[in-house]
Amino acid sequence: MYRIAWIKGDGIGTEISEASLEVIHAIENTYGVSFDIRFYDAGDECLKRRGEALPRETIEGVKTADASIKGPVGDTAMDVIVRLRQMFDLYANIRPVKSYKGVPSVKPVDLVIVRENTEDLYKGYEFEVGDAVVALRIISEKASRRIARVAGEIASRRRGIVTIVHKANVLRKSCGLFLRIAREELSKYNVTVRDILVDAASMALIRNPESFDVILTTNMFGDILSDEAAQVAGSIGLAPSGNIGDEIGLFEPVHGAAPDIAGKGIANPYAMILSISMMLEWLGAKKNDKRLLSASKSIERAVEEAIARGCKTPDIGGSMKTHDVGGCVARIIREGV
Ligand code: GGG
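This structure is a prediction, so every number in the text was calculated from the model and none was measured.

Another aspect to go through is the pairing of strand 7 (residues 132-135). Pairing of strand 6 (residues 126-129) with strand 7 involves 4 bridges; the strand directions are antiparallel. Paired with Phe127 across the strands is Val134, a residue of strand 7. The antiparallel pairing of strand 6 with strand 7 creates a hairpin that spans 2 residues between the two strands, and Gly130 there sits at a positive phi of about 60 degrees.

This is the structure:
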């Protein structure tokens, strides 16, 4: 039995969680694993109701769970997810982006963004100085080195190309350090290493996204480029992610809480479902449990098959409801895809 901490979050978080729970139950029935799912509160609504966006029991829940899954939160992202990343030193933000047959894309995409997850402007060191505001950009050698290793390892299992995205021509010291350390660390891997300025990278992601395999970058650039890459691939509604440290893994869709469509039952649950697949892969490797590794793969295949069968929400050209998409994926898993 694995304990899972589950934060539904704000906006569409409840709907996509309900749909994803269908998938989890199908995994339990098909793969003979059981999950002790514990729900925790966090986000804008939680702040309104309880006066705090990230209650102590939620922090404790994430700390003691075998793995955690989180829906999107709204304006409290800094108080919830950015805080959890820093609190538990979840230094690697892994964001796979790929196109699916049956979903129109700008161009075919198959890449992974490896985003440093604990530093940069997202440290949150902002100060008012007179009539101005000063924000500190923290880039350390230690954090740059360990995230470069993650990129090297992931690229070694893929096409073997790491592109370091930076702005070292302007941010000479901070991006300069990141670039130097990343190159140094990646030279220890059997991978091709390239680098590109972030502005050029944002263009290249649209013009020739197929040239990217693994993108290694700093926190804020990674946040921005992952939305762009997801849209080029088809929809941010299909983009999962993992926040991973040495001991704790917290998985979440890349997208936000989408208050404009919340409660309408049309939100795309695939990013959350694919985040569960990532969670099971991580947990399976950690616990050396082959059932979880097989379950993770079967979710990926079931998502591909469900999309091919037309189980699609409106954002990706379908007319299905959130809950029915979850049911569709669950059925395909039970069919033994
Ligand atoms: N644009 C997608 C979105 O709103 N994502 C949630 C978010 O901003 N999370 C903070 C982060 O990933 O750093």
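So that's the structure; there's more coming.
All chains considered together, the criterion is met by 1 disulfide. Shown here is the disulfide that connects Cys311 with Cys328, its sulfur atoms set 2.0 Å apart. Looking along the S-S bond of the Cys311-Cys328 disulfide, the torsion reads about 55 degrees, which is the right-handed sense. Here the residue Cys311 occupies a position in the loop between helix 10 (290-308) and helix 11 (322-335), and Cys328 occupies one in helix 11, the gap between them amounting to 17 residues. Residue classification places Cys311 among the buried positions, given a relative accessible area of 5%.

Counting residues in each nonpolar core, the largest one holds 89 residues, and the members touching the most others are Val114, Leu216 and Tyr270. Sort the elements by how many residues they give to this core and helix 9 (residues 270-287) lands first, with 10 residues. Counting residues domain by domain, this core receives three or more from each of domain 1 (1-90 + 240-337) and domain 2 (105-233). The residues contacting Val114, other than those within four sequence positions of it, are Asn93, Ile94, Ile147, Val150, Ala151, Ile154, Val214, Ile215, Leu216 and Thr217.

Okay, the site of the ligand next. Around the ligand, a shell composed of Arg85, Arg95, Arg115, Tyr122, Asp223, Asp227, Val254, His255 and Gly256 is seen. Between the ligand and Arg115 there is a distance of 2.7 Å, counted from an oxygen atom to a side-chain nitrogen or oxygen. Contact with the protein chains removes 73% of the 350 Å² of surface that the ligand exposes when unbound. Taken together, the residues of the shell around the ligand sort by class into 2 nonpolar, 2 polar and 5 charged. Counting residues domain by domain, the shell around the ligand receives three or more from each of domain 1 (1-90 + 240-337) and domain 2 (105-233).

Now for the environment of Glu116. Within the secondary structure, Glu116 sits in strand 5 (residues 110-116). The sequence separation of Glu116 and His255 amounts to 139 residues, and the corresponding C-alpha distance is 18 Å. Dropping the residues within four chain positions of it, Glu116 is found in contact with Tyr91, Ala143, Ile147, Thr217, Thr218 and Asn219. Among the polar contacts listed, one links the side chain of Glu116 to the backbone nitrogen of Glu119, at a separation of 2.9 Å.

This next bit is on unusual backbone geometry. For Asp89, which is not glycine, the phi dihedral falls at a positive 50 degrees. Mapped onto the elements of the fold, Asp89 is located in the loop between helix 4 (77-87) and strand 4 (92-98). Phi angles above zero are rare outside glycine, and Asp120 is one such case at about 70 degrees.

According to the domain assignment, the protein contains domain 1 (1-90 + 240-337) and domain 2 (105-233). The C-alpha-based centres of domain 1 and domain 2 are spaced at 25 Å. Taken together, the contact between domain 1 and domain 2 spans 8 residues of the former and 9 residues of the latter. Approximately 690 Å² of surface area, both sides summed, lies buried where domain 1 meets domain 2, with 40% of it carried by carbon and sulfur atoms. Taken as a group, Arg85, Gln86 and Asp89 account for 56% of the area that domain 1 buries against domain 2, more than any other trio of residues on that side.

Bringing the packing of helix 10 against helix 11 into the picture now. Any two packed helices are characterised by the angle at which their axes cross and by the distance between the axes. Packing of helix 10 against helix 11 leaves a shortest axis separation of 9 Å and a crossing angle of 120 degrees. One way to sum up the angle between helix 10 and helix 11 is to call them oblique. Crossing geometry of helix 10 relative to helix 11 is assigned as right-handed. Across the interface between the two elements, Ser298, Ile299, Ala302, Val303, Glu305 and Ala306 of helix 10 pack against Cys328, Val329, Ile332 and Ile333 of helix 11. Residue classes in the contact of helix 10 with helix 11 are distributed as 8 nonpolar, 1 polar and 1 charged.

Relative to the helices and strands, Thr118 resides in the loop between strand 5 and strand 6. At 2.6 Å, the side chain of Thr118 forms a polar contact with the side chain of Glu116. If sequence neighbours within four positions are ignored, Thr118 has contacts with Arg85, Gln86, Asp89, Leu90, Tyr91, Lys123, Arg146 and Asn219.

The rules behind each value
Residues numbered from 1 in each chain as written. Predicted model: local features only at pLDDT ≥ 70, side-chain atom pairs only at ≥ 80, totals over all residues. Heavy atoms only, no water. Pairing = 2+ DSSP bridges. Helix = DSSP H or I, 4+ residues; strand = E, 2+ residues; numbered from the N terminus. Disulfide = S-S within 2.5 Å. Buried < 20%, exposed > 50% of the residue type's maximum accessible area, 1.4 Å probe, protein only. Core = buried A, V, L, I, M, F, W, Y, C linked by side-chain atoms within 4.5 Å. Domains from an automatic or database assignment. Contact = heavy atoms within 4.5 Å. Near = heavy atom within 4 Å. Polar contact = N/O pair within 3.5 Å; in protein donor to acceptor, adjacent residues only side chain to side chain. Areas by Shrake-Rupley, 256 points an atom, 1.4 Å probe, with all protein chains shown as cover. Nonpolar A, V, L, I, M, F, W, Y, C, P; charged D, E, K, R; others polar. Buried area = accessible area lost by both parts, 1.4 Å probe. Axes fitted to C-alpha atoms, helices over the stretch in contact; angles between N-to-C directions. Parallel < 35°, antiparallel > 145°, perpendicular 65-115°, else oblique. Left-handed = near helix turned anticlockwise from the far one by under 90°.

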